[in-house]
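If you want the building blocks of each chain, they are given just below.
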Amino acid sequence: MDTVSFSLEGQVALVTGASRGIGHDLVLALAGAGAHTIAGVRRTDDAARLLAQVRAAGGSASAVALDVTDHASIEAAVAAVEADHGRIDVLVNNAGLGFNHDALDVTEADWDQIMDVNLKGLFFVTQAVARGMVARGYGRVVNLGSQAGEVGIRRHAVYSASKGGVDLLTKVLALEWAPHGVTVNTVAPTYAYTPGTADRLDDPAVAADILARIPTGRFASTADVAAAVLYLASPSSGMVTGTVLPVDGGWTAQ
Ligand SMILES: NC(=O)c1ccc[n+]([C@@H]2O[C@H](COP(=O)([O-])OP(=O)(O)OC[C@H]3O[C@@H](n4cnc5c(N)ncnc54)[C@H](OP(=O)(O)O)[C@@H]3O)[C@@H](O)[C@H]2O)c1
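What you are looking at is a predicted structure, and each value in this text was computed from that prediction instead of being measured.

Enquirer: Before we move on, can you summarise the packing of aromatic side chains with the specific residues and values?
Expert: By convention here, two paired aromatic rings are described through the distance between centres and the angle between planes. Inspection of every chain in the model, using the stated rule, returns three aromatic pairs. Taking the centre distance of 4.9 Å and the plane angle of 80 degrees together, the rings of Phe123 and Phe124 count as edge-to-face. Ring centres 6.1 Å apart and planes at 50 degrees place the aromatic pair Tyr191 and Trp251 in the tilted group. Placement of the pair is Tyr191 in the loop between β6 (182–189) and α6 (198–201) and Trp251 in the segment after β7 (244–247), with a sequence separation of 60 residues. By relative accessible area, which is 12% here, Tyr191 ends up buried.

Below, the structure written as structure tokens:
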């Protein structure tokens, strides 16, 4: 049998939107698995404490300025990482926005803001990173989707459309890059408590309503999400591509 390895020792990983929330904890997890992990953040000062935390735990990490809605920023960040580290083996597209509206209240600005980060930004970061992956014949791309990209949830019109788009991008990119050793997959969590969801989950009525719909009876943790990301980022997941892995406690099984 071939060796099964979930280690990322010697690899280079980039996480977008790493200043806080899930992205922050994914940097800890990927560095903990052995990758030199680069925190993509809009303001590099925002990563100082995170980098110190990684180093205190014996890991290796650095930060790069990256706004996923700014093409020049994307190109500069990818060039800087490749210049410093030679390559990017693992890309985690985590940056995302998730505010909700009744569909009748959505403005064009709301639509553009969410789509520009969650779908357009994700695509162009992936394109920039995958050029090198395809050329080198190896890569792991893991996207943060959502259960809201799998099933309808009221007041999520734009967010759901963006995350459903991520699912289809995942399949197309997986097909195009499979012959080049590059896998593309999506992790689709249920609600996890982060700065991006705190205002909703701190409301007891909202939290109770959500928990009633999660069969496991709890929110996802960032560790639940990280476990799925680590698997899809690992060398041993090479036959898994174009998939969406729910980390939703059974929400979408209903
Ligand atoms: N938490 C959940 O319940 C949940 C559930 C399903 C899916 N997800 C997905 O998981 C991902 C992370 O969610 P989260 O809850 O951790 O979010 P969060 O706490 O709101 O953090 C979002 C992160 O994205 C970054 N970001 C926003 N716009 C950006 C841009 N233009 N360029 C670069 N980075 C940008 C933010 O950076 P700044 O600090 O600079 O603003 C921040 O680091 C998102 O894709 C989200 O849709 C979350």
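Here the narrative resumes, following the displayed structure.
Enquirer: Please set out the pairing of β6 residue by residue, giving values where relevant.
Expert: Within β6, eight of the eight residues are buried, leaving the element largely enclosed by the surrounding structure. Covered by surrounding structure in β6 are Val182, Val184, Thr186 and Ala188 together with Thr183, Asn185, Val187 and Pro189, the residues of both alternating faces. Taken together, the six bridges between strand β5 (residues 139–144) and β6 define a ladder with parallel strand orientation. Of the residues in β6, the one forming a bridge with Gly139 is Val182. Once you follow β5 into helix α5 (residues 157–177) and on to β6, the crossover reads as right-handed. Inspection of the sheet shows β6 paired to β7 by four bridges, in the parallel sense. Bridge pairing in β7 places Pro189 opposite Val247.

Enquirer: For the sheet that holds β5, give the residues involved together with the corresponding values.
Expert: Spatially, β3-β2-β1-β4-β5-β6-β7 is the arrangement adopted by the seven strands of the open sheet, whose pairing is parallel. Looking at the sheet topology across the chains shown, the edges are occupied by β3 (60–65) and β7. For this sheet the average axis-to-axis angle between neighbouring strands, irrespective of direction, equals 20 degrees. Lying over the sheet, helix α1 (residues 21–32) contacts β1 (12–16), β2 (36–41), β3, β4 (90–93) and β5, oriented at roughly 170 degrees with respect to β1. In this fold helix α3 (residues 71–85) packs onto β1, β2 and β3, with an angle of close to 150 degrees to the strand it touches most, β3.

About the criteria used
Residues numbered from 1 in each chain as written. Predicted model: local features only at pLDDT ≥ 70, side-chain atom pairs only at ≥ 80, totals over all residues. Heavy atoms only, no water. Phe/Tyr/Trp six-rings, centres within 6.5 Å; stacked < 30°, edge-to-face > 60°. Helix = DSSP H or I, 4+ residues; strand = E, 2+ residues; numbered from the N terminus. Buried < 20%, exposed > 50% of the residue type's maximum accessible area, 1.4 Å probe, protein only. Pairing = 2+ DSSP bridges. Right-handed = clockwise from strand over helix to strand, strands pointing away. Axes fitted to C-alpha atoms, helices over the stretch in contact; angles between N-to-C directions. Contact = heavy atoms within 4.5 Å.

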